[in-house]
Structure formats: structure tokens, C-alpha cells
Amino acid sequence: MHRGKARAYTNIALIKYWGKKNEELILPMNNSLSLTLDAFYTETEVIFSEELTEDRFYLDEQLQEQNATKKISKFLDIARKKANTDLKATVISQNFVPTAAGLASSASGLAALAGACNEALHLELDDQALSRLARRGSGSACRSIFGGFAEWEKGSDDLSSYATQVPSDHFEDELAMVFVLINDQKKDVSSRDGMRRTVETSSFYQGWLDSVETDLCELKQAIQTKDFQKLGETMERNGLKMHGTTLAAKPPFTYWSADSLKAMQTVRDLRTSGIPCYFTMDAGPNVKVLVEKKNQTAVQAAFTELFSRQQVISAHAGPGITIIE
């Protein structure tokens, strides 16, 4: 019996990953850059055993059906190949984050699974190789190997596509992110399906690709110079462009809801009142508001007037993956 357990935290992309150039290897169309956060995480244990005849997957204490287990088995096959073993496994995963609601649960989940496999099978992968392995399960998971800011290098093949830590001189320690949870239910259009539809059919998609490199350079410069305004403006612009591509897809779709729009307008109103803060959204209706820690309380207060306290959750910069003994 081989056992390993790991915890990984969610990350929120400040420069978005949107679109794959290789579905099988999960190679992205563009580089992305994220901030790992401490509020939401996944703990996953993997037990490889000779007694098992098939893989079993438990999520939040519930045995999962065949479709969910099939995705996990596909990832385990990659780890098994590295370890030169055919042992089946029991995967026990606890999500301290709503699943499939645009809160990056796949990032923390697959990063934790990669770390647990690395430990259980004694693969002895370094952070770069572990990031590469996590990517094969979920693209954004490659960034959750690292704490703070991380950039996913798109690469051109399996070996060259992985995340690295972005030097920041502890700039992330000055920041907070306020989550406005509009909806924690499963999405109508998954990230995977939404990406594919946008890449294949959206007339706005090329504009996204043409401008994302400039956004990335400006955001990295903002991190280096600790320029919060530039960081926020670049993040917000990039996120809006990503969501704009979905409106020109065939058929068009959006992850926004009426409450998403209300939350975005609240951020604009806060800025007008002299409180610098900026929003971003992933593939879901939930709004994430980036703010300096010194203004975090004011932003939280503004949102708890409009939404319930349970819907407004704050986070700070989080750590990289950790092994649980």
C-alpha cells in the first residue's frame, strides 16, 4: 500500500487563461498569471493498493459516479506511468471550496491530487515537474503548486508548459481579495466547454490573443514596482476582455448574472468614492475584488450591505502546495 496526502489552495488568474491549443496535453493559447489565496483549498489523499481492481473516488465523503472517476483515473494513469506501476487507487478528496462554481476548485483539487500522487508513488518531482503534472489534470492547477504570484508559461509541448513563481518582494502581502459569491451552484456552461466554444467560434477571440501579451507585461511591471492601481486596472481590463469573447461565440453565452453586474458597479462606485479596488471574474458569476489590505474592511462593508455575510468572504495571499503527514 502506498499512501500520500496533500493540500493545495485555489488561485485566481489576474491575467486569464482562456483557450487551449492542445486539448489532450492542456496546453494554453496564452500565458497567464495568478495569485494563490488562503481562503479556499482542497485536501486529497491517495492510497494505491494491490487489493483494488478499479479506482475509487470520494469527494466530500461521497463516492463519485463513473464520469467523475474516469477523469481522475485518466490523471492517475499519467502518474502510474511515471512510477511504472499499474496499482489502482482510492482517492479521498475534501473540497473547502464550492465545486464547479467559478471558484477554481479544479485548480486546488488537481494540484492536491498531483502532490498526493508524488508523495504516494515516491516520484520525487521538483516544483516545476509537479506543476507540469498538475497541468495534465486541470490547466490552472499548475499555478496552485506555488504561493503568491505565479505565471503559467504556455510552452509548445508537455515539457515546456508549466508555472513558475513570480518575484514580488512580498507585494502580495499588502493585498486582499474579497469574494462576492453570487452563486455556488454548478455552472450551465463548464469552463472547458466555454473555452472550446469561444476558441472555435468567437469573432472576438483573436483580439483577446493579440492583446493578452501586453496585459501580461504591464501586470508584471506593476508587481515589480508595487503599483496597485496599474495592477488593478490591468487585471480588470483583461478579465472583461475574456468575458467579452463569450458574447461573440456561437451560440453566445455569458457567465454573468444580474447580481454580477450589481457587484461590478459597486466596485466602480467605491473607486469614485476614493477607495481603490478592482474586480475580476473567472468562468462563473462570482466577482472577486482586489483591494489593498488597508481598505479591505471598507470594501467588505460595502458588499455586506448588498449581499448576505455568507456571500462575502475575504482572502489574503496563500501558500504553495503542502504535504500532510
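Up top is the structure these notes are about.
Right, let's walk through the structure included here.

How each quantity is defined
- Residues numbered from 1 in each chain as written.
- Predicted model: local features only at pLDDT ≥ 70, side-chain atom pairs only at ≥ 80, totals over all residues.
- Heavy atoms only, no water.
- Buried < 20%, exposed > 50% of the residue type's maximum accessible area, 1.4 Å probe, protein only.
- Helix = DSSP H or I, 4+ residues; strand = E, 2+ residues; numbered from the N terminus.
- Pairing = 2+ DSSP bridges.
- Axes fitted to C-alpha atoms, helices over the stretch in contact; angles between N-to-C directions.
- Disulfide = S-S within 2.5 Å.
- Polar contact = N/O pair within 3.5 Å; in protein donor to acceptor, adjacent residues only side chain to side chain.
- Contact = heavy atoms within 4.5 Å.
- Arc of directions from axis to C-beta.
- Expected span 1.5 Å × (residues − 1).
- Salt bridge = Lys/Arg side-chain N within 4 Å of Asp/Glu carboxyl O.

1. Observations concerning the pairing of strand β5 (residues 56–59)
Every second residue of β5 is oriented toward a common face, the buried set being Phe57 and Leu59 and the non-buried set Arg56 and Tyr58. In terms of strand pairing, β5 meets strand β7 (residues 88–96) through four bridges, oriented parallel. Residue pairing for β7: Phe57 is matched across the bridge by Val91. Relative to strand β6 (residues 62–63), β5 runs antiparallel, the two sharing two bridges.

2. Structural notes on the sheet that holds strand β13 (residues 312–316)
Reading across from one edge, β11-β12-β10-β13 is the order of the four strands in this open sheet, with antiparallel pairing throughout. One side of each edge strand has no neighbouring strand; the edge strands of this open sheet are β11 (277–280) and β13. Neighbour-to-neighbour, the strand axes of the sheet open up by a mean angle of 25°, direction not taken into account. Of the strand pairs in this sheet, β11 and strand β12 (residues 287–292) are connected by four bridges, and their pairing is antiparallel.

3. Notes on the state of the cysteines
In the structure shown here, the tally under the stated rule is zero disulfides. Left without a disulfide partner, Cys217 is nearest to the cysteine sulfur of Cys142, which lies 18 Å away.

4. A few points about the side chain of Thr69
For Thr69, the position within the fold is in helix α1 (residues 66–83). A polar contact of 3.4 Å, which involves the side chain of Thr69, links it to the backbone oxygen of Gln64. A polar atom in the side chain of Thr69 sits 3.0 Å from the backbone oxygen of Glu65. In contact with Thr69, not counting residues within four places along its chain, are Asp55, Phe57 and Gln64.

5. Overview of helix α4 (residues 191–201)
Buried within α4 we find Gly194, Met195 and Thr198. For α4, the arc enclosing every buried residue in end-on projection is 100°, short of the 170-degree limit, so these residues lie on one face. Considering only its buried residues, α4 is in contact with β2 (20–22), α5 (205–225) and α6 (228–247).

6. A short note on the side chain of Thr245
As for its placement among the helices and strands, Thr245 is situated in helix α6. Thr245 gets classed as buried once you look at its relative accessible area, which sits at 1%. The contact partners of Thr245, leaving out residues within four places of it in the chain, are Trp18, Thr198, Ser202, Phe204, Tyr205 and Trp208.

7. Focus: α1
With 18 residues, α1 should cover 26 Å at 1.5 Å per step; its first-to-last C-alpha distance of 24 Å lies within 8% of that length. Within the span of α1, buried status applies to Thr69, Ile72, Ser73, Phe75, Leu76, Ile78, Ala79 and Arg80. Taken together, the buried residues of α1 touch β4 (32–49), β5, β7, α2 (105–120) and α3 (127–135). Of the residues flanking the end of α1, it is Asn84, one or two places downstream, whose phi is positive at about 55°.

8. Quick look at the pattern of salt bridges
Inspection of every chain in the model, using the stated rule, returns 18 salt bridges. Notably, a salt bridge pairs Glu43 with Arg7, separated by 2.5 Å at the nearest N-O pair. One end of the pair, Glu43, is in strand β4; the other, Arg7, is in strand β1 (residues 2–15), with 36 residues separating them in the sequence. Across the salt bridge formed by Asp282 and Lys288, the nearest N and O atoms sit 3.4 Å from each other. The exposure class of Asp282 is buried, given its relative accessible area of 14%. A relative accessible area of 0% means that Lys288 is categorised as buried.

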